[in-house]
Amino acid sequence: MSLKKETPSDQQMHLAALQGNLEQLKRVLDSGRVHVDCKDKEGTTPLILAAANNHLQCVKELLEQGADPNARRLTGTCALFFACQGGFLDVVKELLEHNANVDLASFDGGTPLFVACQCNHQDVVAELLARGGDIHAQMIDGATPLFITAQNGHADLLKYLISKGADPNMTRKDLASPLWIAAQMGHTDVVRELLLAGADVDAMREDGATPLFKACHKGHLDTIAEILKHKPNLGVLKNGETVLHAAALFGHSKAVRLLLQSGVQVNIKNKEGQTAAELATEAGYDYIGTYINSFTLDPDGKKLTEASAAADE
């Protein structure tokens, strides 16, 4: 139905669906003064309201009376989208049984599977996949359900998605990978699962930043330590910097120490011709510059000694 000014009966039915008042819902429907798919100014139908608030009996009644399971709000979101967002498995099943489109996307490309992953509802994710949900669907920016899961730090769900065939190296349009976003967010458990699943440890976003670079930029120590187990690139990256430069520039002294102890080269210069120590000093972190310069290296670049006073944040 096209959007129109709401009548009192429309409002009553929306309120009944919102509150889960089944008897009121039936009375309004039986009055014949309202369409089962009447919409408010946002395009919301009673079925969407009932589904979004886990009112299963109201959902059943509306569907039996002919409500469109694929009606969409102005944003493109539908009843199944909101049921998946809330983790309401029984409502999800009811909608799917009444021919709700499992992959009906909002206008940004997000399908019900995306919000189920975002909100960590693994039982709902399993139901959607069993009904043919596309595990490789992409939003407008190219993000996949696995990417969204990694971004939100849901390690167990991420492991499940990979077991169902999700590609750990499928990137957004800007080439950011699930590992890249997990490293930036500091989700160490997710980083570990992705690396075990074969994620490219040095996969670069289009700006040349690797997962380790972002972890160092943010100072996520546990994440840095996990990535270092997989022999990442410690040299100059395509963005003209090293991971040591990233940690030093933003004052993450514990990250600097961890990198130095892992054998990163001290005197490598960035695209501007500066060492990490020089960059730290210029940024106002004199103690980090001094600490980096306290490392004595042999001709092969291996650490021999370091200053007795450790750098601490």
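Keep in mind it's a predicted model, so treat the numbers as computed, not measured. (Residues numbered from 1 in each chain as written. Predicted model: local features only at pLDDT ≥ 70, side-chain atom pairs only at ≥ 80, totals over all residues. Heavy atoms only, no water.)

**Concerning the overall build of the protein**
Argument step 1. Of regular secondary structure, the protein possesses 18 helices and 2 strands.
Argument step 2. Considering only C-alpha atoms, the protein reaches an extent of 90 × 35 × 30 Å along its principal axes.
Argument step 3. Across the 313 residues that make up the protein, the buried fraction comes to 51%.
Argument step 4. Long-range contacts, defined here as pairs at least 24 residues apart, represent 68% of the contacts in the protein between residues at least 6 apart.
Argument step 5. Looking at the protein as shown, the accessible area adds up to about 13900 Å², and 47% of this sits on carbon and sulfur atoms.
Argument step 6. On the protein, the mean spot of the 29 positive side-chain charges and the mean spot of the 40 negative ones are 1 Å from each other. (Helix = DSSP H or I, 4+ residues; strand = E, 2+ residues; numbered from the N terminus. Buried < 20%, exposed > 50% of the residue type's maximum accessible area, 1.4 Å probe, protein only. Contact = heavy atoms within 4.5 Å. Areas by Shrake-Rupley, 256 points an atom, 1.4 Å probe, with all protein chains shown as cover. Lys, Arg positive; Asp, Glu negative; His and termini not counted. Charge placed at Lys NZ, Arg CZ, Asp CG, Glu CD.)

**Overview of the UniProt feature "repeat: ANK" (unreviewed entry) in the protein**
Argument step 1. The positions UniProt marks with the feature "repeat: ANK" (unreviewed entry) are residues 42–74, 75–107, 108–140, 141–173, 174–206 and 239–271.
Argument step 2. The annotated region residues 42–74 carries 48% helix and 0% strand content, and the separation between its end C-alpha atoms amounts to 6 Å.
Argument step 3. The span residues 239–271 is 48% helical and 0% strand by assignment, and the distance between its end C-alpha atoms comes to 8 Å. (UniProt positions renumbered as here; feature names shortened; annotations may be inferred.)

**Some thoughts on helix α1 (residues 8–19)**
Within an α-helix, residues lying three or four positions from one another point in the same direction, as the helix has 3.6 residues per turn.
Argument step 1. Between its first and last C-alpha, α1 extends 16 Å over 12 residues, near the 16 Å set by a 1.5 Å rise per residue.
Argument step 2. Within α1 the residues assigned to the buried category are Ser9, Asp10, Met13, His14, Ala16 and Ala17. Here the buried residues of α1 occupy an arc of 160° about the axis, which is enough to place them on one side. Opposite the packed face of α1, turned more than 90 degrees from it, sit the exposed residues Pro8 and Gln19.
Argument step 3. Considering only its buried residues, α1 is in contact with α2 (22–30), α3 (46–52) and α4 (56–64). (Expected span 1.5 Å × (residues − 1). Arc of directions from axis to C-beta.)

**A look at the pattern of salt bridges**
Argument step 1. Applying the stated rule across the entire model yields 7 salt bridges.
Argument step 2. For the salt bridge of Lys229 with Glu226, the shortest nitrogen-to-oxygen distance reads 3.2 Å.
Argument step 3. The structure contains a network of salt bridges with shared partners spanning Asp189, Arg192, Glu226 and Lys229. (Salt bridge = Lys/Arg side-chain N within 4 Å of Asp/Glu carboxyl O.)

**Observations regarding the packing of helix α6 (residues 89–97) against helix α8 (residues 122–130)**
Argument step 1. Where α6 meets α8, the closest approach of the two axes is 10 Å, and the angle between their N-to-C directions is 15°. Comparing the axis directions of α6 and α8 gives the class roughly parallel. When the axes of α6 and α8 are compared, the crossing they make is right-handed. Counting all contacts with α6, which are made through Leu89, Val92, Lys93 and Leu96, the residues of α8 involved are Asp123, Val124, Glu127 and Leu128. (Axes fitted to C-alpha atoms, helices over the stretch in contact; angles between N-to-C directions. Parallel < 35°, antiparallel > 145°, perpendicular 65-115°, else oblique. Left-handed = near helix turned anticlockwise from the far one by under 90°.)

**Digging into the packing of helix α13 (residues 211–218) against helix α14 (residues 221–228)**
The geometry of a pair of packed helices is captured by two quantities: the angle between their axes and the separation between those axes.
Argument step 1. Packing of α13 against α14 brings their axes to within 9 Å, and their N-to-C directions diverge by 155°. Between α13 and α14, the crossing angle belongs to the class labelled roughly antiparallel. The chirality of how α13 crosses α14 is left-handed. Every residue of α14 that contacts α13 at Pro211, Leu212, Ala215 and Cys216 is listed here: Thr223, Ile224, Ile227 and Leu228.
Argument step 2. Of the residues assigned to the contact of α13 with α14, the class counts are 7 nonpolar, 1 polar and no charged. (Nonpolar A, V, L, I, M, F, W, Y, C, P; charged D, E, K, R; others polar.)

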